[in-house]
Amino acid sequence: MGFLDVLLGRTKPVKPDLDQLFGLPSAAITLQADIGFTPTGLGSVCFAAIEGGAFAQVQQEVRALLDADSERGGVPVEFSRDAYGYSWLLSRRDPGDLPTLVNDLHAVNSALQDSGFGPQLLCSLVTFHDAELRPLALVYLYKRGTFYPFAPLPGQKRDNPLELQVRATAKDDLRIEEDLSRWFPLWGAPGLPRSANPAWRGEANT
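Okay, so let's go over this structure. Residue numbering note: each chain is counted from 1, following its sequence as written. Given that the model is predicted, a residue must reach a pLDDT of at least 70 before its local features are reported, and side-chain atom pairs must reach 80 or more before they are shown or counted; all residues, however, enter totals for whole chains, interfaces and linings. Excluded from the side-chain calculation are hydrogens and water; included are all heavy atoms of the structure.

### Some thoughts on unusual backbone geometry
Point 1. At L133, a position not held by glycine, the phi torsion is positive, near 65°.
Point 2. You can see L133 is positioned in the loop between β4 (121–129) and β5 (135–141).
Point 3. Its relative accessible area of 62% is what places L133 among the exposed residues.
Point 4. Even without being a glycine, Q156 presents a positive backbone phi close to 55°.
Point 5. You can see Q156 is positioned in the loop between β7 (152–153) and β8 (157–158).
Point 6. Taking the relative accessible area as the measure of exposure, Q156 reaches 36% and is therefore partly exposed. Secondary structure follows DSSP: runs of H or I at least 4 residues long count as helices, runs of E at least 2 residues long count as strands, and numbering of each begins at the N terminus. Working definition: with a 1.4 Å probe on protein chains only, accessible area under 20% of the residue-type maximum means buried, over 50% means exposed, and in between means partly exposed.

Have a look at this one:
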């Protein structure tokens, strides 16, 4: 079983449960109270883009849906594509309005799923930081219906003690992924520091 097979959920698939995303605001309250991490207001969705007019139309509809929100303050959502051909949508909200950011991510996932592009969805993430500006992401695996923490450090390293601390802290708010081998690194993902290339997808061939 290859890395990409695991990531895309090609074995023992779990029916996606996008409503799990709505547990993030509760988890954020717990993280702030227990270990001092607060939302940055940034969240993103990663999906494997495919060529074709239908997929391009869905992207346009999603952008129009989110950009039309008058409360966004004129800041548009951003689409980007990384070196491995995967597409990202980044949404920006007020850091104190995590529920609306979660609604954005849910809307993007739902639009792609309802249009038949569920197999292209990979993950969604919401980012946090503490008083020392240490970055942290809570990552939702679409095919698994679970979350895991990702705490990057400079030099493509991870703060494993922090990740384990977050797992223990958020376990009552989120469905945490029990298999640590599925806690994939998301180097340079939109919403996280971009000091390293997103080489995690390149591991599919190793």
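### Some thoughts on the environment of A27
Point 1. As for its placement among the helices and strands, A27 is situated in helix α2 (residues 24–35).
Point 2. For the pair A27 and T169, spaced 142 residues apart in sequence, the C-alpha to C-alpha distance is 8.4 Å.
Point 3. Any two residues whose heavy atoms approach within 4.5 Å at even a single point are treated as in contact. Here A27 is in contact with L138, D173 and L174, once residues within four sequence places are set aside.

### Re the packing of aromatic side chains
Point 1. By convention, a stacked pair of Phe, Tyr or Trp rings (six-membered ring in the case of Trp) has centres within 6.5 Å and planes under 30 degrees apart, an edge-to-face pair has planes over 60 apart, and any other such pair is tilted. Tallying each qualifying case throughout the model produces 4 aromatic pairs.
Point 2. Between Y140 and F147, the ring centres sit 5.0 Å apart and the planes meet at 50°, which makes this aromatic pair tilted.
Point 3. Judged by relative accessible area, F147 falls into the buried class, the value being 0%.
Point 4. A ring pair is formed by F150 and W187, whose centres lie 5.3 Å apart and whose planes are at 70°; its orientation type is edge-to-face. Note that F150 is positioned in strand β6 (residues 146–150) and W187 in the segment after α5 (160–170), a separation of 37 residues in sequence. Both residues of the pair, F150 and W187, count as buried.

### What about the pattern of salt bridges?
Point 1. For salt bridges, the criterion is a side-chain nitrogen of Lys or Arg within 4 Å of an Asp or Glu carboxyl oxygen. Taken as a whole, this structure holds 9 salt bridges when the rule is applied.
Point 2. Residue R158 is joined to E163 by a salt bridge in which the shortest nitrogen-to-oxygen separation is 3.1 Å.
Point 3. In this structure, the salt-bridge partner of K171 is D172, at a minimum N-O distance of 3.6 Å. The pair K171 / D172 is uniform in exposure class, with both members exposed.
Point 4. Three or more residues are tied together by salt bridges with common partners; here these are D130, E132, R134 and D159.

### Overview of helix α4 (residues 98–117)
Point 1. Regarding α4, the residues found buried are L98, T100, L101, V102, D104, L105, H106, V108, N109, S110, L112 and F117.
Point 2. Close packing links the buried residues of α4 with α2, β1 (38–48), α3 (53–67), β3 (86–92) and β4.

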